[in-house]
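# Tertiary structure, described
If you want the building blocks of each chain, they are given just below.
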Amino acid sequence: MRILIDSHSGCCNGVGRAISTAEKWMEEHGVLYSLGAIVHNDAEIQRLAALGLRTVGYADLPSVSGKTVLIRAHGEPPSTYNLARKSGISLIDCTCPVVLALQRRIAAKYAELSPKGGMVLIFGKRGHAEVNGLVGQTDGHAVVVESMSDLEEKLAAGVIDPSRPLALFSQTTKDPEEFSALADRLKRTADPQIYNTICRHVSSRHRLLKEFSAACSVIIFVCGRESSNGKVLFELCRSVNPRSYKVESAAELPSDILRPDDTVGICGATSTTRWQLEKVAEAISGSHRVD
């Protein structure tokens, strides 16, 4: 049996930056509060909690007045910054630079199109932290499109009016092929401005993960249950390699799925840490070689 750890898997730069910033701050100052889970990964959250990271929600902000709160990589809408100021909270802003640039682009485009009756459309998961931050740049007026069927429904219901100026953006972690299909569909009934704002790191990972999945006889995909990106990437693996299994930790490894002649590929989401991939590899490998 041969075991391979995907060299392109592991936390994306934005999430990794937020985690390392939190670790450094806690090492110097102690307890730190994070507005929402710093990463959709229970194992990593537990590790950071042991170092002093405390996760809080919006309703908790008044109770941490005078404390320091971290803004995670997903970003936040302007209303969050206003609430923090009113609550006397110091912020460590770890919004991913890619997300921050996207927020600014959406805000500028909304300011341009709104007086003309135009609409900003965002391909993303409704209620996702990043999407909430993006919609917040438009005072809540952007229309979130979750899928092709959702687009069709919104066109049929008149929620999206093809006669109005339209601009389509994307959540940074979405599937590039699905975004392209949505854009093509929209072009058939409208003359939209299309902005492919999917992170290049994520975009390339889709292609590389397909290649990795095809090169292995079985895939073990490691991610947290709440990882939106993990759900998308796991389905991508499974579409290429039917022998794909999703686990949150080594303890969840299915029994009797591996064969002596297997090439086992271990990979994960943009919220999966390298140490988690290595733990799963160790659990599988025993005395076998890990590349």
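Refer to the structure printed above.
Residues numbered from 1 in each chain as written. Predicted model: local features only at pLDDT ≥ 70, side-chain atom pairs only at ≥ 80, totals over all residues. Heavy atoms only, no water.

Our next topic: the pairing of strand E8 (residues 166-170). Along any regular strand, the residues point their side chains to alternate faces of the sheet. The buried fraction of E8 amounts to 5 of the 5 residues, a majority that puts the element mostly inside the structure. Where strand E6 (residues 119-123) meets E8, 5 bridges bridge the pair, whose relative direction is parallel. When the sheet's bridge partners are listed, leucine 121 is paired in E8 with leucine 168. By the bridge criterion, 2 bridges tie E8 to strand E9 (residues 193-194) in an arrangement that is parallel. The partner of leucine 168 across the bridge, within E9, is isoleucine 194. Once you follow E8 into helix H7 (residues 176-187) and on to E9, the crossover reads as right-handed. (Buried < 20%, exposed > 50% of the residue type's maximum accessible area, 1.4 Å probe, protein only. Helix = DSSP H or I, 4+ residues; strand = E, 2+ residues; numbered from the N terminus. Pairing = 2+ DSSP bridges. Right-handed = clockwise from strand over helix to strand, strands pointing away.)

This paragraph deals with the sheet that holds E8. Judged by pairing direction, the sheet is parallel, and its 4 strands sit side by side in the order E7-E6-E8-E9 without closing on themselves. Two strands bound the open sheet, and with one partner strand each, they are strand E7 (143-145) and E9. Lying on the sheet, helix H4 (residues 97-113) is in contact with E6, E8 and E9; it crosses E8 at an angle near 170 degrees. (Contact = heavy atoms within 4.5 Å. Axes fitted to C-alpha atoms, helices over the stretch in contact; angles between N-to-C directions.)

A word on the environment of leucine 134. Mapped onto the elements of the fold, leucine 134 is located in helix H5 (residues 129-135). Excluding its chain neighbours within four sequence positions, the residues that come into contact with leucine 134 are Leu102, Gln103, Ile106, Ile122 and Gln171.

So yeah, pure geometry; function would need other evidence.
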